[in-house]
Amino acid sequence: MNACPGELLDREALASACDAEDSPVATVRAACERANAWLNQEFRNGRDIGELLQLRAAAIDEVMRLLWDRFDWDEERIALVAVGGYGRGELHPQSDIDLLILVGEDAEDQHANIEGFVTQLWDIKLDIGHAVRTITDCTEAAQRDITICTTLMESRLIAGSAQLREQMKAAVSVDKIWPSAEFFRAKWDEQKARHAKYADTEYNLEPNVKGSPGGLRDIQTISWIALRHYRTGDPESLKDLGFLTGDELNILLRGRDFLWRVRWALHMVTGREENRLLFDHQRELARLFGFEDSDMRLAVEQFMQRYYRAALAISQLNEVLMQHFDQVILRSDAPEQVIDLNTRFQIRNGLLEVKDDEVFTRTPSALLELFLLCAQDERIEGVFAATIRLAREHRDLIDAEFRADPRNRRLFMEILRSSNKMALQLRRMNRYGILGKYLPEFGRIVGQMQHDLFHIYTVDAHTLEVVKNMRRLLYPEDQERFPVTSRVAARLPKIELLYIAGLYHDIAKGRGGDHSELGAVDAREFCEKHGVNERDTDLVVWLVENHLLMSGTAQRKDITDPEVINDFAATVGSQTYLDYLLALTVADINATNPTLWNAWRGSLLRQLYTETRRALQRGLDNQVGKAEAIADTQRRARERLEDRGFLAEEVEALWAEAGEDYFLREHVDDIVWHTEAIAQHYDKSTPLVLVKPDLVIQNDAATQIFIHARNQNYLFSVVTAALEQLHLSVLDARLYNSIDGMAMDTFYVLDESGASIANDSHRLRQIVEFLTTTLTDRDRFPEVVARRTPRAIRYFAMPTETSMYLDPVKNVSVLEVTTPDRPGLLARIGRIFFEHGIVLQAAKITTLGERVEDVFFVTDADHEPLEDPDLVANIRSAICKELDEQAAA
């Protein structure tokens, strides 16, 4: 380990200064602070990170020895030992300093000195973790806990008895406890459990540089297992032993050094042992590492792509080496069963392997054949580590000539058409670096983050998750969750066309411009090169170009309006296109962020699909008009009500106050429900509040709240503020102002966590009681909820954007608001409408991760669109000012 230079910490000068004081605490603490500042400056100057880690450990060594020497020890019966990361000589600025005070069996007389020594360390504010143990204690603790065994394996003497430390090492050696095979099993299980905490992905939005898959702990796990089995964990020595190849050694060292620098920077900017790359720190680290915003990508996106690629490389290497350990340590004596496949491949004990090391050199196409065999033969459980290594080493054979070879193009298409774990093969191709070589456009999105909370995966991970979801639609176990989409997917004539659209729908992210249009160009080129006929190519290209069309229509437009359906049907054009688009949309939403999917969104897509299918069946030239749709709804509702004892005259009298939009947008079941309740509610001075929990689609379906009350311009703001206080999230609002001055408003809600409240009878009663009380007292205005905005959402703060345009068909003004989500949002917007004399006719509420994209249909007090440009500008300005000031607060 490197010696401690004088400019970092001069031990002699420090010792002299301590001797001149009654207590060394203040002097040593100041020296440590100066040393940390010097090291941080060296880090900023670009000094080698490995040197810095060793220099900090060396400086702490000097401090430990200086303080240790101030006590009168029996040096033959006690030793001060560095363990863990400190024992390895890898000490980050805020890392725990792990110490073992190793004592002889008869060292009771040393306890006072030990207490004084440790107290001084605490007083100096060093973050120490310490244990006082005998050799017997160490052996017993290591036997019980593999973590303790691991820390003791990396021990290093600082002061005291070297013989005592050697005896301890011998007592916990591999021939005494934790034999190599048991140690490997335990460490592999430990790693699996750790990875599971981070959802088994390197691509967490806020990864832990130490513990996440592809983090420093994965490197250390390899080192520990090698140290236990080969008696060395040094990367260079492992290369000499043939355990690591030269390329793998370079990957390991480059990845380790990068992760070390990231961890050092995190400790430096936070002033604590922070190993999480939180949103709060990602931008600052991007600046520290020299990244700058460009026209196409933010600096933080570039930095995080660098991190994700490093983590992916480490994770891939860890996977190969752990499988190698498995074969060398656990399965070395297992009986072998070999199944011959062809001249290039065979299956050995369930794993696919090449027959010799020259297979890929002789037959480069075998680089794709490997994955095709896995996708076609259910006997293959995985790929041998040695074969994975060979594939990785030969991936540069995939060049322009390889990609132009008709055989390779056929092989890739056969992989897409395969029925056995096809999505898994694409993920393997990505992990082994093959997919990005064969599809260079895919290689450019590997590790590319999308800097928001809406997308929880990198672009490549999201893309492969989309394909995986497409496969799931065909599995029986997912048919209950996606009943309509599963049936649609099962009847798609060429499922591989859906997979191609999935692979290319986001392929152009990060290039600037419209990624849908740019991706469509790439998709067409792929199809033409891979022998897809012109008709099918046009379908794939259309899907890529329009992959956001269905979700945008369902979530942002009034899909109860026949004209919206007719326009959508005209754009889609055919049942085949509609079927493929539905499958792509459902797979895409669920792969973007699983929390976005709920029964409400599912019901919107099903409604849009069903109505569009009917429109296509009728023919684009024979569409149902608005008047016809209203008349049909009224006829069916009237028949239901007459069956319940209502006279036609009574029904007409009750409906006289309702506008045509009510019958256009509400379902027949709901109209009957509302009409019956209004007929039985005689006191119009008190509000009628209904909840409808019984007609749910699935367990996470939205609950409908219907309010019939005296209309007030601030009613929307009052109701949404009340719902906020009830911890409810509004998904949709349908607002109708009747002729007799009564409002007939419908809200669809979930709990603020996204969970359904449909089966919580107490909660439903509470909603009715609270809203009734609030709306009865006209002077009561619920406080706009002022809870703290979550940290992650504050980090992604963006200025509020608004736009307003005229909808000539509905004769309303359409206001679109895009802004970060926060408590009290709808109530604040509603209050602005009230203050400006605006009447809200309807609202579509869409929450996408950390932001909302809400659409409000508004008119003036005379129910006419807003035509005064000054009024429009004032409303937009007031919304931006109110929401942005709230976000800043």
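Only a predicted model underlies this, so the values are computations on that prediction, with no experimental measurement involved.

## Focus: the packing of helix H1 (residues 11-19) against helix H2 (residues 25-44)
Viewed as axis vectors pointing N to C, H1 and H2 meet at an angle of 150°, and their least axial separation amounts to 8 Å. Comparing their axes, H2 and H1 come out roughly antiparallel. In terms of crossing hand, the pair formed by H1 and H2 is right-handed. Together, Leu14, Ala17 and Cys18 of H1 and Thr27, Val28 and Ala31 of H2 make up the contact between the two elements. Tallied by class, the residues present in the contact of H1 with H2 amount to five nonpolar, one polar and no charged.

## Side note on the confidence of the model for the protein
Averaged over all residues, the pLDDT of the protein is 89; the fraction at 70 or higher stands at 94%. In the model of the protein, helix H39 (residues 791-795) stands out as the element of lowest mean pLDDT, 57, in contrast to helix H28 (residues 534-545), which has the highest, 98. Between residues 694-699, whose pLDDT stays under 50, and residues either more than four places distant or in other chains, the model counts nine contacts.

## So, the sheet that holds strand E8 (residues 382-383)
Strands sit in the order E5-E6-E7-E8 across an open sheet of four strands; the sheet is mixed. Each edge of the sheet is formed by a strand with only one pairing partner; in this case those strands are strand E5 (338-340) and E8. The sheet strands contacting helix H16 (residues 366-376) are strand E6 (345-348), strand E7 (351-354) and E8, and the helix crosses E6 at an angle near 45°. Along the sheet, helix H17 (residues 385-393) contacts E7 and E8; its crossing angle with E7, the most-contacted strand, is approximately 50°.

## Overview of the side chain of Thr458
Note that Thr458 resides in the loop between helix H22 (440-443) and helix H23 (459-472). Look at Thr458 and you get buried, because its relative accessible area is 1%. In contact with Thr458, other than residues within four places in its own chain, are Tyr203, Tyr308, Gly447, Gln448, Met449 and Gln450.

## Quick word on the layout of surface pockets
Its volume calculated, the largest pocket comes out at about 1,400 Å³. Asp200, Glu319, Leu424, Arg427 and Arg431 are, among the 46 residues lining the largest pocket, the residues nearest its centre. Contributing elements (two or more residues each) for the lining of the largest pocket: helix H9 (180-197), helix H14 (299-330), E8, helix H20 (422-431), H23 and helix H31 (575-592). For the lining of the largest pocket, the element with the most residues is H14, which contributes eight residues. The residue inventory of the lining of the largest pocket, partitioned by class, reads 19 nonpolar, 11 polar and 16 charged.

## Things to note about a negative patch on the surface
Side chains of Asp247, Asp357, Glu358 and Glu393 sit close together on the surface and give a patch of like negative charge. With respect to the helices and strands, Glu393 occurs in helix H17. For Glu393, a relative accessible area of 38% gives the class partly exposed.

## Some thoughts on helix H40 (residues 825-835)
Buried residues dominate H40, accounting for eight of its 11 residues. Along H40, the residues classified as buried are Leu825, Leu826, Ala827, Arg828, Ile829, Gly830, Ile832 and Phe833. Where H40 ends, the next residue or the one after it, Gly837, has phi of about 70°, a positive value.

## A look at the sheet that holds strand E3 (residues 128-133)
If you walk across this open sheet you meet the four strands as E3-E2-E1-E4, and the pairing is mixed. Each having just a single partner strand, E3 and strand E4 (156-160) make up the two edges of the open sheet. For this sheet the average axis-to-axis angle between neighbouring strands, irrespective of direction, equals 25°. Pairing of strand E2 (residues 97-103) with E3 involves six bridges; the strand directions are parallel.

## Details of the nonpolar core
Burial of nonpolar side chains together is a common tendency in soluble globular proteins. With 217 residues, the main nonpolar core has Met64, Tyr86, Phe117, Leu126, Phe360, Phe412 and Leu426 as its most contacted residues. In terms of residue count, H14 provides more of this core than any other element does, 16 residues in total. Those residues within four positions of Phe412 in sequence are excluded, and the remaining contacts are Leu368, Leu426, Met429, Leu435, Tyr438, Leu439, Leu503, Phe526 and His530.

## Some points on the environment of Cys4
When you line up the elements, Cys4 lands in the segment before H1. If near-sequence neighbours (up to four positions away) are discounted, Cys4 is found in contact with Leu9, Ala58, Ala59 and Glu62.

What counts, and where the lines are drawn
- Residues numbered from 1 in each chain as written.
- Predicted model: local features only at pLDDT ≥ 70, side-chain atom pairs only at ≥ 80, totals over all residues.
- Heavy atoms only, no water.
- Axes fitted to C-alpha atoms, helices over the stretch in contact; angles between N-to-C directions.
- Helix = DSSP H or I, 4+ residues; strand = E, 2+ residues; numbered from the N terminus.
- Parallel < 35°, antiparallel > 145°, perpendicular 65-115°, else oblique.
- Left-handed = near helix turned anticlockwise from the far one by under 90°.
- Contact = heavy atoms within 4.5 Å.
- Nonpolar A, V, L, I, M, F, W, Y, C, P; charged D, E, K, R; others polar.
- pLDDT = per-residue confidence, 0-100.
- Pairing = 2+ DSSP bridges.
- Buried < 20%, exposed > 50% of the residue type's maximum accessible area, 1.4 Å probe, protein only.
- 1 Å grid on protein atoms, 1.4 Å probe; cavity = no way out; pocket = protein on both sides within 12 Å on 5 of 7 lines; lining within 4 Å.
- Points joined across faces, edges and corners; volume = space filled by probe spheres on them.
- Patch = residues over 30% accessible without salt bridge, like charges linked within 9 Å, V, L, I, M, F, W, Y side chains within 5 Å.
- Areas by Shrake-Rupley, 256 points an atom, 1.4 Å probe, with all protein chains shown as cover.
- Salt bridge = Lys/Arg side-chain N within 4 Å of Asp/Glu carboxyl O.
- Lys, Arg positive; Asp, Glu negative; His and termini not counted.
- Charge placed at Lys NZ, Arg CZ, Asp CG, Glu CD.
- Core = buried A, V, L, I, M, F, W, Y, C linked by side-chain atoms within 4.5 Å.

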